[in-house]
Amino acid sequence: MVKAYLRYEPALTFGVIASPESNVCYDPSGRLLLAGALDRLAAWDLKRGLPSVSFAPSSSSPSLAVSCIASSQSAAVSSSIASGHADGSIRLWDAETGACEATLHGHRSAASALRFGPSGAVLASGSKDCDVILWDVVAQAGLFRLRGHRDQVTDLVFLDSGKKLVSCSKDKFIRVWDLETQHCLQIIGGHRSEIWSMDVDPSERFLVSGSADPELRVFRIRQLVEEGEDWSKWDVLKLFGEIPRQNKERVATVRFNRNGSLVACQVAGKTADIYRVLDETEAVRKAKRRMHRKKEKASAKSMIAEGNGTVIDPLPAQDLQNPAVIVTDVFKLLQVLRASKKICSISFSPSNPPRGCLATLSLSLNNNTLETYSVDSEKVSKMHSIEMHGHRSDIRSVSLNSEDNLLMSTSHNAVKIWNPSTGDCLRTIDSGYGLCSSFVGNRFALVGTKSGTLEIIDIASGSLTEVIEAHAGSIRSIVPIPDEDGTVGARGFVTGSADHDVKFWEYQLVNVSLLSISHRMPRDSKQLTVTNVRTLKMTEDVLAVSISPQGKHIAVALLDCNVKVYHMDTLKHFLNLYGHKLPVLCMDISSDGALIVTGSADKNLKIWGMDFGDCHKSIFAHSDSVMDVKFVYRTHYVFSVGKDRTVKYWDADKFELLLTLEGHHAEVWCLTISSRGDFIVTGSHDRSIRRWDRTEEQLFIEEEKEKRLEETFEADLDNDNEYRYGQKDDAPDEGSVGVPGRKTKETVTSADAIMDALDTAEEELKRLNQHKLEEQNNGRAAKFQPNVIMQGHSPSDYVLNVISSIRPNDLEQALLALPFSDALKLMSYLKEWSLVPSKVELVCRVCLVLLQTHHNQLTTTPAARSLLTELKDILYCRVKECKDTIGFNLAAMDHLKELLAMRSDAPFRDAKAKLMEIRQEQSKRSDRPDGNERRKKKKKKASGES
């Protein structure tokens with residue numbers, strides 16, 4: 001009988017506040033800050049410091065890492081949040097529910113820029129594949145692809161009410177596109193290095209772009225050309241001037257605030273320059289003052305020149321009366337924001353700033369932190385900071401307590417206690433660089449540091465109670481000593497260090513007064529301390545220590561690639577396990593004491609017998625170093641993690657790989673398993689902690705092998721090496737337009753479904769015709785038995801249902817994959833489908849794609865000419881009817897709007913926009929002191945006056 005195993009699946013991810021690869025932006029309401037957290041989004045309430053909504057894809061994979069985020073300020077479209085991912089896909093999210101509305105595939109490499117149009121119905125995306133794609137958010141489909149850039153597209157901006165699009169790239173050029181004619185209007189050079197960001201003010205007066213150049217370039221946007229201005233016929237942008245920057249590092253982000261009075265320039269460092277944008281009146285006044293100073297200097301020079309007998313030409317009177325406004329008259333440096341760590345992204349809040357402030361600026365740092373600052377004319381002050389929900393650096397160890405309800409994680413400067421069920425952070429304790437950790441009951445914990453100290457932590461109070469100089473080198477392992485019955489008791493623990501020592505420790509409970517603990521703790525309380533009772537000297541650095549569950553043997557992994565096993569009671573040598581080519585980094589002994597598994601930097605797992613020390617099997621386990629390995633309690637099932645970012649599940653008796661769990665985005669350093677084996681927890685270099693739960697779903701080894709082979713085969717389709725890092729060999733045509741989608745597994749499957757449906761419908765039609773002939777010839781025939789696959793539909797309806805079930809974004813690519821014979825069959829159904837009012841738009845789209853793809857063959861095929869003639873007359877009439885219906889409905893809605901406005905004092909508003917206003921009013925009221933407090937203040941003031 002084939003053995004079945006239970007599957008483990010990802011259940012929870014926590015510990016990441018903001019990924020350094022993604023930007024941050026505010027949601028449409030302006031209350032929540034959106035930040036990418038590896039492969040998901042989180043909407044943070046900055047006042048409470050808690051995540052409000054989580055946006056997570058259905059599957060977890062490193063290729064789904066969020067690379068850019070955008071939100072629409074329009075309430076007309078439900079999908080108001082978009083995220084771009086490392087695999088080139090774009091996801092549309094509902095801001096209120098956090099549900100994924102659609103997944104759009106078009107880019108061949110990571111998305112690098114996203115921007116919604118003014119109406120929120122159009123989304124522009126740029127990518128590392130050098131293309132810009134326009135998407136219809138409502139129809140959830142691509143409109144067209146714009147080609148022309150020679151390198152990664154870094155930012156996008158809409159102009160002229162969404163009729164024009166400006167894109168910048170690392171190829172040092174800015175391109176202006178006309179979206180109605182779908183061609184490039186203007187190409188702007190001048191930057192001497194890659195352009196990293198740009199933005200336009202809300203009134204569309206100026207466009208500011210930033211690169212690695214020592215200045216920002218400011219462009220004027222063409223609106224109404226006045227007399228005397230030298231604009232060319234097609235120019236949309238014209239250079240206004242350059243603003244010298246304070247910092248010499250490259251620009252990372254340029255953003256205007258909501259009303260366009262401020263512009264922030266964030267560099268790839270710790271600073272962000274904030275400039276004040278003056279209006280026209282203030283700019284002219286400043287220009288006059290500049291000319292007045294210039295006149296004074298000129299007059300002083302002329303007086304000196306007259307004394308020397310020379311003559312200097314005076315300034316023109318016209319320049320003094322009507323001075324020309326230059327860029328430094330409009331843009332004035334206001335403040336320089338200096339953060340504690342490197343800034344990854346910035347975003348201005350679209351909501352009203354607090355009283356006395358010009359704007360609210362939020363930023364993400366590369367140490368997994370979000371900060372919010374208030375900007376005024378005098379200073380920049382910090383308002384909020386979100387840092388408790390994650391470590392500042394990678395996670396080096398994780399451990400569970402005996403009841404599996406507390407999780408401890410260590411990093412370079414802190415220890416955090418988590419609830420593994422919810423992912424909530426319960427305690428944060430400052431500590432040294434923790435490399436290993438262990439619980440002592442449910443009250444205390446031990447942490448071994450890189451400096452060789454042993455830290456004792458009181459979990460209840462969240463304090464560090466004692467620091468012991470335990471070793472001269474870094475402590476690599478802390479292992480509790482189990483009781484004789486196999487349960488972890490109070491006998492003590494063992495530490496292994498790089499100073500060649502393995503030390504045995506015992507617990508002691510002493511009075512608080514003996515340890516000079518803070519006077520705030522009760523005098524009669526007991527505190528944990530430890531004493532060293534034995535030391536085992538080794539010849540090499542100790543990398544890992546493991547103790548058998550019955551406490552009979554201790555295994556020590558050394559830097560010389562060997563593992564030595566000793567008797568626990570006498571410390572006499574028992575076994576020597578050698579065979580690894582590189583040092584053993586981790587190991588574990590099974591709960592029955594029969595097997596020991598070792599993981600090494602040579603990427604192999606070796607399974608040994610504890611009776612004779614013979615190697616049962618050597619397995620090439622990971623594509624990089626194996627960092628941790630653990631047995632599931634009371635089984636011979638093994639989990640291993642490695643630098644290749646994967647978690648693998650093994651059967652140590654059959655030496656078979658059962659399951660590969662992918663999800664981490666960097667090296668996986670550590671692993672811990674619950675006492676019942678119902679879940680595991682892993683910690684990674686990407687600062688995330690992931691919990692994987694055991695489910696009731698069964699898995700079989702052979703099925704998993706077939707699935708892995710299929711994934712390997714399909715990887716060639718998803719990760720096409722030709723376009724993986726952008727187009728290199730074939731440069732795009734200047735301003736060319738292409739198909740927005742791309743070939744994926746879904747589009748190939750959809751094309752196969754269409755061809756199968758056409759074949760099934762054709763066979764059904766043949767059977768129907770044959771049945772009719774038999775009925776005519778014989779006069780009476782048996783009852784016709786329809787094909788059960790068609791589920792009672794007619795052949796035409798069956799094909800229509802298959803076409804309708806394809807996602808709008810995949811339909812075009814699926815139709816492109818059809819051969820001409822199937823395309824001709826499909827076009828024969830279009831005449832009948834056009835009679836269905838709700839399918840007219842779908843029919844027109846199918847017809848258009850097929851005509852563009854097979855135009856030459858259709859025009860030369862005699863059988864297709866009559867079909868095209870009929871479709872030409874029918875589709876034109878049907879589209880005109882739909883257009884008239886939509887126009888009639890729009891006019892009726894305008895009429896209803898006017899009637900409601902006349903009958904009611906309140907204007908006709910969108911319900912969602914009204915709800916946003918009510919919420920903003922409530923949040924303002926909550927910020928103000930309540931009535932009782934105001935009355936108390938008045939009474940105090942009156943009593944003071946009396």
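Bear in mind that the values here come from a model prediction, so they are computed numbers and not experimental data.

1. Quick word on the packing of aromatic side chains
Part 1 of the argument: Applying the stated criterion across every chain yields a total of twelve aromatic pairs.
Part 2 of the argument: With a centroid separation of 5.8 Å and an interplanar angle of 70°, the aromatic rings of Phe-55 and Trp-93 are classed as edge-to-face. Placement of the pair is Phe-55 in strand β5 (residues 50-55) and Trp-93 in strand β8 (residues 90-94), with a sequence separation of 38 residues. Summarising the burial analysis for this pair, Phe-55 and Trp-93 share the class buried.
Part 3 of the argument: By the ring-pair criterion, three or more aromatic residues cluster together here, those being Tyr-5, Tyr-8, Tyr-637, Phe-639 and Tyr-649.
Part 4 of the argument: Over the ring of Trp-196 we find Arg-250, and its NZ or CZ is 3.8 Å from the ring centre.
Part 5 of the argument: Arg-396 extends its terminal NZ or CZ atom over the ring of Trp-669, reaching a point 4.5 Å from the ring centre.

2. Considering unusual backbone geometry
Part 1 of the argument: One non-glycine residue with positive phi stands out, namely Ser-161, at about 55°.
Part 2 of the argument: The topology assignment puts Ser-161 in the loop between β14 (153-159) and β15 (164-169).
Part 3 of the argument: Judged by relative accessible area, which is 62%, Ser-161 ranks as exposed.
Part 4 of the argument: Despite not being glycine, His-500 has its phi angle at roughly 75°, a positive value.
Part 5 of the argument: Among the secondary structure elements, His-500 is positioned in the loop between β39 (488-497) and β40 (501-511).
Part 6 of the argument: Relative accessible area serves as the criterion here: at 28%, His-500 is assigned to the partly exposed category.

3. What about the UniProt feature "coiled-coil region" (unreviewed entry) in the chain?
Part 1 of the argument: UniProt's feature table lists "coiled-coil region" (unreviewed entry) at residues 751-778, given in the numbering used throughout.
Part 2 of the argument: Secondary structure over residues 751-778 splits into 100% helix and 0% strand, and the C-alpha atoms at its two ends are 41 Å apart.

4. Details of a positive patch on the surface
Part 1 of the argument: Taken together, the side chains of Arg-285, Lys-288, Arg-289, Arg-293, Lys-297, Lys-301 and Lys-332 present a region of like positive charge at the surface.
Part 2 of the argument: For the positive patch, the element with the most residues is helix α1 (residues 280-308), which contributes six residues.
Part 3 of the argument: Among the structural elements, Lys-288 can be located in helix α1.
Part 4 of the argument: When its relative accessible area of 43% is taken as the criterion, Lys-288 is described as partly exposed.

5. Concerning the nonpolar core
Part 1 of the argument: Of all hydrophobic cores here, the largest spans 35 residues; its most connected members are Val-799, Ile-803, Leu-815, Leu-826, Trp-833 and Val-846.
Part 2 of the argument: Residue assignment for this core shows that the elements contributing at least two residues are α5 (745-778), α6 (795-805), α7 (808-816), α8 (820-833), α9 (840-853) and α11 (862-903).
Part 3 of the argument: Ranked by residue count, the leading element in this core is α8, at seven residues.
Part 4 of the argument: Val-641, Tyr-649, Leu-659 and Leu-661 belong to the second largest nonpolar core, which has 18 residues in total.

6. Considering the sheet that holds β15
Part 1 of the argument: With respect to topology, four strands assemble into an open sheet ordered β14-β15-β16-β17, the strand pairing being antiparallel. In this open sheet, the two strands that pair with only one neighbour each are β14 and β17 (183-188). Ignoring strand direction, the axes of neighbouring strands in this sheet form an average angle of 20°.
Part 2 of the argument: Where strand β16 (residues 174-178) lies against β17, five bridges are found, and the strand directions are antiparallel.

7. Topic: α8
Part 1 of the argument: Taking 1.5 Å as the rise per residue, α8 with 14 residues should run 20 Å; its terminal C-alpha atoms sit 20 Å apart, in good agreement.
Part 2 of the argument: Of all the residues in α8, the buried ones are Phe-820, Asp-822, Ala-823, Leu-826, Met-827, Tyr-829, Leu-830 and Trp-833. Looking down the long axis of α8, one finds its buried residues gathered within 165° of arc, a one-sided arrangement.
Part 3 of the argument: Here the buried face of α8 lies against α5, α6, α7, α9, α10 (855-860) and α11.

8. Digging into the confidence of the model for the chain
Low-pLDDT stretches of the model should not have their predicted coordinates read in fine detail.
Part 1 of the argument: Taken residue by residue, the chain gives an average pLDDT of 86. The fraction at 70 or more is 88%.
Part 2 of the argument: The secondary structure element of the chain with the lowest average pLDDT is helix α13 (residues 931-945), at 54, and the one with the highest is strand β51 (residues 637-642), at 97.
Part 3 of the argument: This stretch, residues 514-523, has a pLDDT under 50; its non-local contacts, to residues over four places away or in other chains, come to eleven contacts.
Part 4 of the argument: Scored below 50 in pLDDT, residues 720-731 shows 13 contacts in the model against residues more than four places distant or in partner chains.

9. Regarding the pattern of salt bridges
Part 1 of the argument: Applying the stated criterion to the full structure yields 30 salt bridges.
Part 2 of the argument: Here Arg-7 makes a salt bridge to Glu-697, at a shortest N to O gap of 3.4 Å. Of the two residues, Arg-7 is situated in strand β1 (residues 5-14) and Glu-697 in strand β56 (residues 689-699); the sequence distance between them amounts to 690 residues.
Part 3 of the argument: In this structure, Arg-192 and Glu-215 form a salt bridge, with 2.8 Å as the shortest nitrogen-oxygen distance. Here Arg-192, found in the loop between β17 and β18 (195-200), pairs with Glu-215, found in strand β20 (residues 215-221); they are 23 residues apart in sequence, far enough to count as distant.
Part 4 of the argument: Arg-192 sits in the exposed class, given a relative accessible area of 51%.
Part 5 of the argument: What emerges from the salt-bridge pattern is a single network uniting Arg-7, Glu-697, Glu-704 and Lys-707.

10. Let's talk about the packing of α5 against α8
When two helices pack together, their arrangement is captured by the angle between the axes and the distance separating the axes.
Part 1 of the argument: Where α5 meets α8, the closest approach of the two axes is 10 Å, and the angle between their N-to-C directions is 65°. By the angle between their axes, α5 is roughly perpendicular relative to α8. Read as a crossing pair, α5 and α8 show a hand that is left-handed. Touching Met-755, Leu-758, Asp-759, Ala-761, Glu-762 and Leu-765 of α5 are Asp-822, Lys-825, Leu-826 and Tyr-829, all from α8.
Part 2 of the argument: Broken down by class, the residue content of the contact of α5 with α8 amounts to six nonpolar, no polar and four charged.

11. Section: the sheet that holds strand β34 (residues 434-440)
Part 1 of the argument: Across the sheet, which stays open at both edges, the four strands sit in the order β34-β35-β36-β37 with antiparallel pairing between neighbours. On the outer flanks of this sheet lie β34 and β37 (463-469), each paired with one strand and no other. When strand polarity is set aside, the average angle formed by the axes of neighbouring strands in this sheet is 20°.
Part 2 of the argument: Alignment of strand β35 (residues 444-449) against strand β36 (residues 453-458), held across five bridges, turns out to be antiparallel. Its bridge partner lying in β36, Phe-444 is registered against Asp-458.

Thresholds, definitions, all that
Each chain carries its own residue numbering, running from 1 in the written order of its sequence. Reporting of local features is limited, given that this is a predicted model, to residues whose pLDDT is at least 70; pairs of side-chain atoms are given and counted only at 80 or more, and all residues count toward the totals for whole chains, interfaces and linings. Remark: hydrogens and water are excluded; side-chain values derive from all non-hydrogen atoms of the structure. Classification of ring pairs uses Phe, Tyr and Trp, with its six-membered ring standing for Trp, and accepts pairs whose centres are within 6.5 Å; under 30 degrees between planes counts as stacked, over 60 as edge-to-face, and the remaining range as tilted. Each helix is a run of DSSP H or I of at least 4 residues and each strand a run of E of at least 2, with the numbering of both proceeding from the N terminus. Relative accessibility thresholds used throughout: buried, under 20% of the residue-type maximum; exposed, over 50%; partly exposed, between the two (1.4 Å probe, protein chains only). We call a charge positioned above a ring when the Lys NZ or Arg CZ atom is no farther than 6 Å from the ring centre and deviates by at most 35 degrees from the ring normal. UniProt positions are given in the numbering used here, feature names are shortened, and annotations may be inferred rather than shown by experiment. Only residues whose relative accessible area exceeds 30% and that form no salt bridge are eligible for patches; like-charged ones are grouped when within 9 Å, while nonpolar side chains (Val, Leu, Ile, Met, Phe, Trp, Tyr) are grouped when within 5 Å. In short, Shrake-Rupley with a 1.4 Å probe defines the accessible areas, and a residue's cover is counted only from the protein chains shown. Whenever Lys or Arg places a side-chain nitrogen within 4 Å of a carboxyl oxygen from Asp or Glu, that contact is recorded as a salt bridge. In this charge count, Lys and Arg are treated as positive and Asp and Glu as negative; neither His nor the chain ends contribute. Here the site of a charge means atom NZ of a Lys, CZ of an Arg, CG of an Asp or CD of a Glu. To qualify as a nonpolar core, a set must consist of buried Ala, Val, Leu, Ile, Met, Phe, Trp, Tyr and Cys residues joined through side-chain atoms within 4.5 Å. Any two strands with at least two DSSP-identified bridges between them are counted as paired. In this analysis, axes come from line fits to C-alpha atoms, helices being fitted only over the stretch in contact, and the angle between any two N-to-C directions falls in the range 0 to 180 degrees. A helix's residues, less one, multiplied by 1.5 Å, set its expected span. Arc definition: it is the arc formed by the directions from the helix axis to the C-beta atoms. Residues are treated as being in contact if the distance between any of their heavy atoms lies within 4.5 Å. Confidence per residue, as judged by the predictor, is encoded in pLDDT with a range of 0 to 100. We call two directions roughly parallel when the angle between them is under 35 degrees, roughly antiparallel when it is over 145, roughly perpendicular when it lies between 65 and 115, and oblique otherwise. Handedness of a crossing is defined here by the sense of rotation of the near helix relative to the far one, left-handed for an anticlockwise turn of less than a right angle and right-handed for a clockwise turn. Residues are grouped as follows: nonpolar covers Ala, Val, Leu, Ile, Met, Phe, Trp, Tyr, Cys and Pro; charged covers Asp, Glu, Lys and Arg; every other residue, Gly included, is treated as polar.

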